[in-house]
Amino acid sequence: MEIWIDPACSKCRNAVNLLDAEGASYTVRRYLDEVPTEDEIRAVLGRLGLEPWDITRTQEAEAKELGLKEWAREESSRDRWIEALARHPKLVQRPIITADDGTAVVARTEEAVRDALGRH
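Residues numbered from 1 in each chain as written. Predicted model: local features only at pLDDT ≥ 70, side-chain atom pairs only at ≥ 80, totals over all residues. Heavy atoms only, no water.

Visitor: Honestly, the overall build of the protein in this entry has me stumped. Any pointers?
Guide: Summing up its helical and strand segments, the protein has 5 helices and 4 strands in all. Listing every helix and strand of the protein by position from the N terminus yields β-α-β-α-α-α-β-β-α. A globule of 120 residues ought to have a C-alpha radius of gyration of about 14 Å, and the protein, at 14 Å, matches this closely. Each principal axis of the C-alpha distribution contributes one length, and for the protein these read about 40 × 25 × 25 Å. Across the 120 residues of the protein, 44% fall into the buried class. Here the protein has roughly 6400 Å² of accessible surface; of this, 42% comes from carbon and sulfur atoms. Computing the positive centroid from 18 side-chain charges and the negative centroid from 24, the protein places the two 5 Å apart. (Helix = DSSP H or I, 4+ residues; strand = E, 2+ residues; numbered from the N terminus. Rg over C-alpha atoms; globule rule 2.2 N^0.38 Å. Buried < 20%, exposed > 50% of the residue type's maximum accessible area, 1.4 Å probe, protein only. Areas by Shrake-Rupley, 256 points an atom, 1.4 Å probe, with all protein chains shown as cover. Lys, Arg positive; Asp, Glu negative; His and termini not counted. Charge placed at Lys NZ, Arg CZ, Asp CG, Glu CD.)

Right, dumping it as structure tokens:
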């Protein structure tokens, strides 16, 4: 199991604390320092069953600068969104846990973290 975090994010810290409390075995990826490639983002999206716009933090200053709210949310725009997430990792929703069974969850709630823990 791997968790993508920003240590400054309270939801990330809460998720890590819960994983620790449950004795989970996991790897931490500080995704702002170790930026995911476009291929890694595609793989995580596949595991999440989501589209890139579903995991984009559109309220971030960088999102506003790029005008993301105006970008089309359709298959033909998918690569453009993924490229933006790879170039601007702050835009990636966090934390993301990749579970042992090949799936992933956006772990913003205790419920979502527990869901990831239950996936074997």
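Visitor: What am I meant to see in the packing of aromatic side chains here?
Guide: The relation between two aromatic rings is expressed through the spacing of the ring centres and the mutual angle of the planes. Applying the stated criterion across every chain, the model contains 3 aromatic pairs. Each ring, one from W71 and one from W81, has its centre 5.5 Å from the other, and the planes form 80 degrees; the classification is edge-to-face. Here the residue W71 occupies a position in the loop between helix 3 (61-66) and helix 4 (78-87), and W81 occupies one in helix 4, the gap between them amounting to 10 residues. By the burial criterion, W71 is buried, and W81 matches it. One aromatic cluster in this structure is built from W53, W71 and W81. (Phe/Tyr/Trp six-rings, centres within 6.5 Å; stacked < 30°, edge-to-face > 60°.)

Visitor: Would you mind showing me how to read the packing of helix 2 (residues 38-48) against helix 4 here?
Guide: Packed helix pairs are specified by the crossing angle of their axes together with the interaxial distance, meaning the distance between the axes. At a closest axis distance of 9 Å, the pairing of helix 2 and helix 4 adopts a crossing angle of 115 degrees. For the element pair helix 2 / helix 4, the angle class is roughly perpendicular. Handedness of the helix 2/helix 4 crossing: right-handed. For the pair helix 2 and helix 4, contact is made by E38, I41, R42 and L45 and by R78, D79, I82, E83, L85 and A86, respectively. Its residues assigned to classes, the contact of helix 2 with helix 4 comprises 5 nonpolar, no polar and 5 charged. (Axes fitted to C-alpha atoms, helices over the stretch in contact; angles between N-to-C directions. Parallel < 35°, antiparallel > 145°, perpendicular 65-115°, else oblique. Left-handed = near helix turned anticlockwise from the far one by under 90°. Contact = heavy atoms within 4.5 Å. Nonpolar A, V, L, I, M, F, W, Y, C, P; charged D, E, K, R; others polar.)

Visitor: It is not clear to me how the side chain of T58 should be interpreted in this structure. Could you clarify?
Guide: Looking at the secondary structure, you find T58 in the loop between helix 2 and helix 3. Among residues more than four places away in sequence, those in contact with T58 are A63, K64, K69 and R73.

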